[in-house]
Structure formats: C-alpha cells, structure tokens
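If you want the building blocks of each chain, they are given just below.
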Amino acid sequence: MQCPKCRGAMRTYERNGVHIDQCESCRGIFLDYGELETLTRMEGQWSQQHQAAPPPPPPMHGAPAWGAPQHGHYGHRPRRQQGLFGMLFSS
Amino acid sequence: MSHSDPLLDELRRIAVQYGGAPAEVLPTRPDVIIVRAGPVVVKAHAPGAEREPLVERMRATAHPSLRGIVLEPVTEEVMVVGDRLVTVWPAGTPVDHLNPDAAPWEAAARLLARMHAVPAGALLPLRAAGGPAKVASMVARLDGDSAAELVVRRAFTCLPDLDAELVWEPFSESFSLTHGDWHMGQMVRAPDEWILIDVDDLGVGDPAWDLARPAAWFAAGLLEPEVWNRFLDAYRAEGGCAVPRDGDPWERLNLPAQATTVQLTAGLVVTAKREGRPMGEAEQTMIDACLRIIRLRSACQSVSTQ
C-alpha cells in the first residue's frame, strides 16, 4: 500500500486492537473507518482512570468508621434535612 | 405552667428592677424560665440545681479572661427564689432556628477554641464540666423495653466506662476550660458579636466534648460534610486544642461523639414516648447511628479478645 500524500511505502501496526497504517517516509498515519472513534474512546477511558480525576474535593477531615454511609462520596449531596435543624438547639 | 404563680411574679419583679422596662416571659426549654425586661434577662435555672457549683461558675464567668468568649453576667450574684436559683444576664439575639444556612458555625468554632485556650488555673476553684455525666443520666431515663430503648441501652453498654473519663487532673495538658453543653442554642448575638451563653455545665474537662454534638450530628448524617468541615477548619484555624492540628480528628472525637449520640438518642426516645408519638425521621436517624456504634464496638471487642 502507498501513502496517499507522498506515495511512500505504508507499514501496518496493530496497537491495542487498533489497526494503524504509517508511511515510512513522511510518518503520516492512515486510519481505517471507525478507528479514530475507537482511539478517542480509549483516550477517554485512559484519562478517566489516570489523570482527569474528580473535581478538586473540598478540604475533608475524614469520617468516623461508624459514620452515616453517604459520607466520603464526593459529589453526593446528602438531602437537606431542614426539618431536623431544630435538633441542633436542644440540650 | 401558671403565669401568675409567685415564682414568676418574683422573676418579673427582678427583671423590671434590673431592666427598667416591662417584663415578658420568653419561650425556652421546659425546665428553665427566662424573663426579659428591656436590656436584661432573668434566668430561673432548672429545678434541683445546686447553688455552690453555680456560684463557682458565675465567679469564673465574670473573670476578665472570658470577656468576648462567654456573656458577662449583669451581676455575679446567684439569687434564690423559692426552690430555684436565679441569675441576671444581658439580653441577646439567639441563632435563628428557621434559617440553617445562617447558622454561625465558624463563630461558634472560634469561640470554643478561644475558651479552650483560657488557662483554667486562673479560674479555680472550678469543678468538672457537665458533659460526660449527662450521658448516663439520660440513658437512665429510659424505662421500657421497646426496640429503640434496647438499642440505646446496648449502645451505652458498648462504650468504655465514662466515669473513668471523668478522672481529671486540674493542670493536665489534655484538659482545659470547657463549656460542657454546647449546641446551637448556646450562643447569642450581644449586641453585635456572637458569644457563648449558659454556664450551668462550664468546667474543667476534655475539650473534645464541646465538639461532640456537631461531630455526632455529622456522623449521624444530619450535618452536611461541608458544614462540619467549615466548623472544624475554623476551630483549627483559631488554634483549638481539642483535636490535633493536622491529621485525623476522630481519634479524639470518637468517644465523646459516640457517647453524645447515645445521649441525644435517649433524649429523643424519651421525648417521643412521653408525647405518645411513634419514632420520626430524627429518632430513626439517631437510632441507626447507635446501631453502627454497636456494630463497630462489638467488632472491636471480639477482635481484641481473640
């Protein structure tokens, strides 16, 4: 197979299930149909696992081992228990 | 309660004498009476309160090292009206029960941190703070065998001996001046700044007990993590000594917060029973916390005996 840009010879690589053709003279890469989407998806998975991570959490001081189950899950907002606020006022 | 009884008449008379304005009875908890007259309030303490400890606490409260931390009484004097002890204070504005978002968590944390830094030696003689003793007395008020009562009693027996926790040495490093009964109802704005009130349980003790209520509410899931963290951050930023400056605060908070959870749950169960109503959301949330305490403490005990 010839490079569509410089007519150099293309070499085929297989990387993590993605089929890549690379030109040996101009280093250009040719992707088969659907392979760009596959790469995009894999990149998304990788960055989710490795770097982008969750948004910076507020400063936390940990929760006790006997704490209510919802504690410690960032992003989960416990329900507003307005009705129970009065409890904070009695001896 | 009748509003024309001799006790109330005398409280009104005292209030008018100090306040120079018409007297009105303010709503408060059932065992206390508060009468306001213009700039002062007169407080009839709960029945059965002993005079000498309150005299000591009033003397400590009037000490200059507590200005800006605890409300200064109008007079140090502890009066006796009938079978009640009576004290006189400047009137203040309490925290709004209906507006959780406006609750002054940071101000509370700073006041407690500053109180914990006051050298207790200057205030002696002063006895132990009221916190730990309240737990057993509240649990003792449970008189039935409902599932809720069994859970609370079981959680109480899982806790280490709190009497041993009461053994303190006046100048021990881990003990300090403490409020002894802090919650959101124990602050007023007077006139512009928040300040601590109610010295009935003030004394020397483990300062972690003053953080025990918010810690218990947080552990029960009643206090949002953000609010708890704001409170704890402000306490640490003010140099509060109840928890380590960095690292895990729960090493110091676990026992006071668990004991307070048991005490608060007992109080809720007693009240629900007295009012003849079933357990509501608040009661169930606290009972769940008691169950988690039982699970954790039982697990720890079975491991340590292996």
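Residues numbered from 1 in each chain as written. Chains lettered and ligands numbered in written order. Predicted model: local features only at pLDDT ≥ 70, side-chain atom pairs only at ≥ 80, totals over all residues. Heavy atoms only, no water.

**Student:** What's the story with the overall build of chain B in this structure? I'm lost.
**Tutor:** The helix and strand inventory of chain B stands at 10 helices and 10 strands. On C-alpha atoms alone, chain B measures out to a radius of gyration of 20 Å, which is about the 19 Å that the 2.2 N^0.38 rule sets for 306 residues. Taken over the C-alpha atoms alone, chain B extends approximately 70 × 45 × 40 Å along its principal axes. Counting the 306 residues in chain B, one finds 54% classified as buried. For chain B, the computed accessible surface area is about 13,400 Å², with 55% contributed by carbon and sulfur atoms. Between the mean site of the 29 positive side-chain charges and the mean site of the 42 negative ones, chain B shows a separation of 1 Å. (Helix = DSSP H or I, 4+ residues; strand = E, 2+ residues; numbered from the N terminus. Rg over C-alpha atoms; globule rule 2.2 N^0.38 Å. Buried < 20%, exposed > 50% of the residue type's maximum accessible area, 1.4 Å probe, protein only. Areas by Shrake-Rupley, 256 points an atom, 1.4 Å probe, with all protein chains shown as cover. Lys, Arg positive; Asp, Glu negative; His and termini not counted. Charge placed at Lys NZ, Arg CZ, Asp CG, Glu CD.)

**Student:** What is the right way to look at the overall build of chain A in this model?
**Tutor:** Check the secondary structure of chain A and you find one helix and three strands. Order of helices (α) and strands (β) in chain A, N terminus to C terminus: β-β-β-α. Expressed as a percentage of its 91 residues, the buried residues of chain A come to 25%. On chain A, roughly 6,700 Å² of surface is accessible, and the fraction owed to carbon and sulfur atoms is 53%.

**Student:** Quick question: what am I supposed to make of the confidence of the model for chain A here?
**Tutor:** The predicted coordinates ought not to be read in detail in places where the model reports low pLDDT. Residues and elements named next belong to chain A. A residue-level look at chain A finds 64% of positions with pLDDT of 70 or above and a mean pLDDT of 71. For chain A, helix 1 (residues 35-50) is the element with the lowest average pLDDT, namely 72, and strand 2 (residues 18-23) is the one with the highest, namely 78. Taken together, the stretch residues 71-80 has pLDDT below 50 and engages in 18 contacts with residues farther than four places along the chain or on a different chain. (pLDDT = per-residue confidence, 0-100. Contact = heavy atoms within 4.5 Å.)

**Student:** Just to check I follow, could you spell out unusual backbone geometry for this structure?
**Tutor:** Most of the time, phi is negative for any residue but glycine, and the peptide bond is trans. A cis amide bond, omega 5 degrees, links Leu124(B) with the succeeding residue Pro125(B). The topology assignment puts Pro125(B) in the loop between helix 3 (105-117) and helix 4 (131-139). The residue after Ala190(B), namely Pro191(B), is reached through a cis peptide bond having omega -15 degrees. Residue placement: Pro191(B) occurs in the loop between strand 8 (187-189) and strand 9 (194-196). Phi is positive for Arg7(A), close to 65 degrees, though the residue is something other than glycine. Along the polypeptide, Arg7(A) turns up in the segment before strand 1 (10-15). Classification of Arg7(A) by relative accessible area gives exposed; the value is 54%. Positive phi, close to 70 degrees, is recorded for Asp198(B), a residue that is not glycine.

**Student:** Help me understand the domain arrangement of chain B, please; the structure alone is not making it clear to me.
**Tutor:** Accessible area lost when the parts come together is the quantity often used to give the size of an interface. Residue and element names in this part refer to chain B. Domain annotation for chain B reports domain 1 (6-90) and domain 2 (94-304). Taking only C-alpha atoms into account, the centre of domain 1 sits 25 Å from that of domain 2. Across the boundary between the two partners, domain 1 contributes 21 residues, which contact 21 residues of domain 2. Both faces considered, domain 1 and domain 2 share a buried interface measuring about 1,800 Å² in area, 60% of it formed by carbon and sulfur atoms. Inspection of the region where domain 1 meets domain 2 yields four salt bridges. Where domain 1 touches domain 2, the interface holds nine residue pairs in polar contact (both at pLDDT 80 or more). If you tally residues by element for the side of domain 1 that touches domain 2, the top one is helix 2 (residues 51-61), at nine residues. Tallied by class, the residues present in the side of domain 1 that touches domain 2 amount to nine nonpolar, five polar and seven charged. (Domains from an automatic or database assignment. Buried area = accessible area lost by both parts, 1.4 Å probe. Salt bridge = Lys/Arg side-chain N within 4 Å of Asp/Glu carboxyl O. Polar contact = N/O pair within 3.5 Å; in protein donor to acceptor, adjacent residues only side chain to side chain. Nonpolar A, V, L, I, M, F, W, Y, C, P; charged D, E, K, R; others polar.)

**Student:** Whenever I open this one, helix 2 of chain B confuses me. Can you help?
**Tutor:** Because each turn of an α-helix spans 3.6 residues, side chains separated by three or four positions in sequence point in the same direction. Residue and element names in this part refer to chain B. Within helix 2, eight of the 11 residues are buried, which leaves it mostly tucked inside the rest of the structure. For helix 2, the complete set of buried residues consists of Pro53, Leu54, Val55, Glu56, Arg57, Met58, Ala60 and Thr61. Buried residues in helix 2 make contact with strand 5 (84-90).

**Student:** How should I be thinking about the sheet that holds strand 9 of chain B in this particular structure?
**Tutor:** Whenever strands of a sheet pair, they do so through backbone hydrogen bonds, lying parallel or antiparallel. All names here are of chain B. Sheet architecture is open: three strands sit in the order 6-8-9, paired in antiparallel fashion. Here the strands that pair on one side only, and so sit at the sheet edges, are strand 6 (93-94) and strand 9. As judged from the two bridges shared by strand 6 and strand 8, these two strands associate in the antiparallel manner. Along strand 8, the bridge assignment pairs Pro94 with Val188. (Pairing = 2+ DSSP bridges.)

**Student:** I tried to follow the side chain of Asp21(A) on my own but got confused; where do I start?
**Tutor:** Residue and element names in this part refer to chain A. Along the chain, the position of Asp21 falls in strand 2. Although Asp21 is buried, it forms no salt bridge, and the closest oppositely charged side chain is Arg11 at an N-O distance of 9.7 Å. Side chain to side chain, Asp21 and Thr12 meet in a polar contact 2.9 Å long. Among residues more than four places away in sequence, those in contact with Asp21 are Met1, Met10, Arg11, Thr12, Gly28, Ile29, Phe30 and Asp32.

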